[in-house]
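Structural overview for review
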Amino acid sequence: MRRRPVAEVTDLMVKARVGSAVVLQGSWLAGILTERDVLRAAASRSDLTTSPVSQWMTRDPVTATPDTTAEEATHLMLTNGFRHLRPRGPQPQGRGQHP
């Protein structure tokens, strides 16, 4: 997904009704493309039909472990200004996730 154009991935996000897309490199979490990243890309006036996700994604996103409590997750999100917090560990292929 890193090489896919921002416009293509944004279209997938809209169709899946999600606010972010996980960017994998093999099984490694390379980044996350969020609505904020898409807005930043659009504001740059870049051609989003050719601009790769890797250029705009948030790299090495903070993740939560299975042991992270709801309070800890909330604290992480509020302290860092996150709207999305990815759980760490094996994840089933789900809605809005495209390798």
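For the structure, see preceding data.
Residues numbered from 1 in each chain as written. Predicted model: local features only at pLDDT ≥ 70, side-chain atom pairs only at ≥ 80, totals over all residues. Heavy atoms only, no water.

Okay, the environment of threonine 34 next. With respect to the element layout, threonine 34 can be found in strand β2 (residues 28-34). The spatial distance from the C-alpha of threonine 34 to the C-alpha of methionine 13 is 9.2 Å, given a sequence separation of 21 residues. Sequence-distant contacts of threonine 34, that is, excluding residues within four places in its chain, are made with Met13, Gly19, Ser20 and His84. (Helix = DSSP H or I, 4+ residues; strand = E, 2+ residues; numbered from the N terminus. Contact = heavy atoms within 4.5 Å.)

This part takes up the pattern of salt bridges. Scanning all chains against the criterion turns up four salt bridges. A salt bridge links arginine 4 to glutamate 8; the shortest N-O distance between them is 3.4 Å. Arginine 4 gets classed as partly exposed once you look at its relative accessible area, which sits at 29%. (Salt bridge = Lys/Arg side-chain N within 4 Å of Asp/Glu carboxyl O. Buried < 20%, exposed > 50% of the residue type's maximum accessible area, 1.4 Å probe, protein only.)

Moving on: the sheet that holds strand β1 (residues 20-25). The three strands lie next to each other as β1-β2-β3, forming an open sheet whose pairing is antiparallel. The open sheet is flanked by β1 and β3 (58-59), the only strands paired with a single partner. Note that β2 and β3 share two bridges and pair antiparallel. Its bridge partner being in β3, glycine 31 is matched across the sheet by arginine 59. (Pairing = 2+ DSSP bridges.)

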